[in-house]
Amino acid sequence: MTLKTIEKHAHIIEYKEYGKNAERVRNIGDGIIDNVSYLALELALNKTILDYLLSKQGYIGEKWTRYWFRQILTGLIHMKNKGFSHLDIKCENILLNHNLTAKLGDFGFAQPNSDGINMVTGSEFHKGPEICYKRFPYDGEKADVFSLAVVLFAMQMKAFPFERVQDVIYSRKYKLYIDGDYDAFWPSNPPVSAEFKDLFMRMIIKDPSQRLSLTEVFNHPWTQIKELPTDQEILDEATRVSTIR
Ligand SMILES: Nc1ncnc2c1ncn2[C@@H]1O[C@H](COP(=O)(O)OP(=O)(O)O)[C@@H](O)[C@H]1O
Ligand SMILES: [Mg+2]
């Protein structure tokens, strides 16, 4: 169990307990009791980034995108330092606690990355080309960087970057990108900075060996821009969402 093995971290959901043969009442009143295994985790009161994006009108902007992106990135770098890759990065698997702090969740695909990964992992629209085309073994870290680029795009644009990531190499939009037709690739709304586009492009490079590493993503000029939500803005937003929860 990867989550149990990885040391506690501010941006990884905390493992509490795992148990077998616990009793669970199937339906209140019918008296049938099932034997179940369970996993107890720290509660993320604000559910996931996907829930947040869907409930929010309009776009969240680069400031908030950067705030959560940096948090997810530090969680992934911590995992990497412990020898693991997550391999299912997507907005549904990034949890938000009561303070709107992002935490990596769902370690169902996570595994050691020392000798590369030899199985298909990840979710539709988020898998890198090396996974779609089964170029085994592949580097788990670079696969995480590709999926993280999809999350980066999704947080900012409220859309997926490619229509079908299974066919990523032939996807019309991916091809526009590879051909350098950036104007056709990027919708005019919401506007995105040149640094954002540069970072995204370097994270989706087809050849994993050319793609940025997690540390390079962290050191990229866009990630390092100091514009972040203030403590007061975070508190105000956490209060706002608590009233509609
Ligand atoms: N610790 C948690 N706190 C709050 N909600 C959670 C938590 N863990 C999971 N969830 C919710 O349950 C959903 C499914 O959990 P997940 O661990 O991603 O399992 P899977 O995707 O394999 O079914 C998440 O997308 C999220 O909405
Ligand atoms: Mg999940």
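Note: the structure precedes this text.
Predicted model, so just to flag it, every value in this text is computed and none were measured.

What counts and what doesn't
Residues numbered from 1 in each chain as written. Chains lettered and ligands numbered in written order. Predicted model: local features only at pLDDT ≥ 70, side-chain atom pairs only at ≥ 80, totals over all residues. Helix = DSSP H or I, 4+ residues; strand = E, 2+ residues; numbered from the N terminus. Rg over C-alpha atoms; globule rule 2.2 N^0.38 Å. Contact = placed C-beta atoms within 7 Å. Near = placed C-beta within 6 Å. Nonpolar A, V, L, I, M, F, W, Y, C, P; charged D, E, K, R; others polar. Buried ≥ 20, exposed ≤ 12 C-beta atoms within 10 Å, placed from the backbone. Expected span 1.5 Å × (residues − 1). Axes fitted to C-alpha atoms, helices over the stretch in contact; angles between N-to-C directions. Parallel < 35°, antiparallel > 145°, perpendicular 65-115°, else oblique. Left-handed = near helix turned anticlockwise from the far one by under 90°. Core = buried A, V, L, I, M, F, W, Y, C linked by C-beta atoms within 7 Å. Domains from an automatic or database assignment.

## Regarding the overall build of the protein
Per the secondary structure count, the protein includes 11 helices and 6 strands. Taking 2.2 N^0.38 as the reference for a compact globule, 245 residues should give roughly 18 Å; the C-alpha atoms of the protein span a radius of gyration of 19 Å, in line with that estimate. Its C-alpha atoms put the protein at 60 × 45 × 35 Å along the principal axes. At a minimum sequence separation of 6, the contacts of the protein that also span at least 24 residues come to 68%.

## Regarding the site of ligand 1
In the region of ligand 1, 13 residues are neighbours, and L41, A44, E92, D106 and G108 sit closest. Class assignment of the residues belonging to the shell around ligand 1 gives a composition of 5 nonpolar, 4 polar and 4 charged.

## Description of unusual backbone geometry
The general pattern is negative phi for most residues beyond glycine and trans for most peptide bonds. Geometrically, the link from F136 to P137 is a cis peptide bond, its omega value of -15° lying close to zero. One can find P137 in the loop between α4 (129-132) and α5 (140-157). In this structure, the amide linkage connecting N189 to the following residue, P190, adopts the cis form with an omega of -5°. Look at N21: it is not a glycine, yet its phi comes out positive at around 55°. As for its placement among the helices and strands, N21 is situated in strand β1 (residues 15-25). The class for N21 is exposed, based on 8 C-beta atoms found within 10 Å. Positive phi values are uncommon outside glycine, yet K134 reaches one of about 50°. By C-beta crowding, K134 is classed as exposed, having 10 other C-beta atoms within 10 Å.

## Side note on α5
Here α5 spans 26 Å end to end across 18 residues, near enough to the 26 Å set by a 1.5 Å rise per residue. Trailing α5 by a residue or two, K158 shows a phi angle of about 55°, which is positive.

## Brief notes about the environment of R66
Counting through the fold element by element, R66 comes out in helix α3 (residues 61-81). We classify R66 as buried; it has 22 C-beta atoms within 10 Å. For the pair formed by R66 and I32, sequence separation is 34 residues and the distance between their alpha carbons is 48 Å. Setting aside its immediate chain neighbours within four residues, R66 contacts T223, I225 and L228.

## A closer look at the packing of α3 against α5
When two helices pack together, their arrangement is given by the angle between their axes and by how far apart the axes lie. Orientation of α3 relative to α5, taken along the N-to-C sense of each, is 165°, at an axis distance of 10 Å. The angle between α3 and α5 places the two elements in the roughly antiparallel class. Seen along the crossing, α3 lies across α5 with a hand that is right-handed. Residues E62, T65, W68, F69, I72, L76 and K80 of α3 touch α5, and the partners they reach there are E141, D144, L148, V151, L152, M155 and Q156.

## Describing α3
An α-helix turns once per 3.6 residues; consequently, residues spaced three or four apart project the same way. The first and last C-alpha atoms of α3 sit 30 Å apart over 21 residues, in line with the 30 Å expected at 1.5 Å per residue. Listed as buried for α3 are E62, W64, T65, R66, Y67, W68, F69, I72, L73, G75, L76 and M79.

## Details of the nonpolar core
Core analysis: the biggest nonpolar cluster contains 51 residues, and I72, A149, V151 and M203 have the highest contact counts within it. Broken down by secondary-structure element, the contributors of at least two residues to this core are α2 (49-55), α3, β4 (94-96), β5 (102-104), α5, α8 (194-203) and α9 (214-219). Both domains that furnish three or more residues to this core are identified here as domain 1 (2-41) and domain 2 (49-242).

## Topic: the packing of α5 against α8
Relative orientation of the contacting elements α5 and α8 amounts to 150°, with a least axis distance of 8 Å. What the angle tells us is that α5 and α8 run roughly antiparallel. Crossing of α5 against α8: the hand is left-handed. Of α8, the residues touching α5 (which contributes V145, F146, L148, A149, L152, F153 and Q156) are F196, F200 and M203. Partitioned by chemical class, the residues of the contact of α5 with α8 number 9 nonpolar, 1 polar and no charged.

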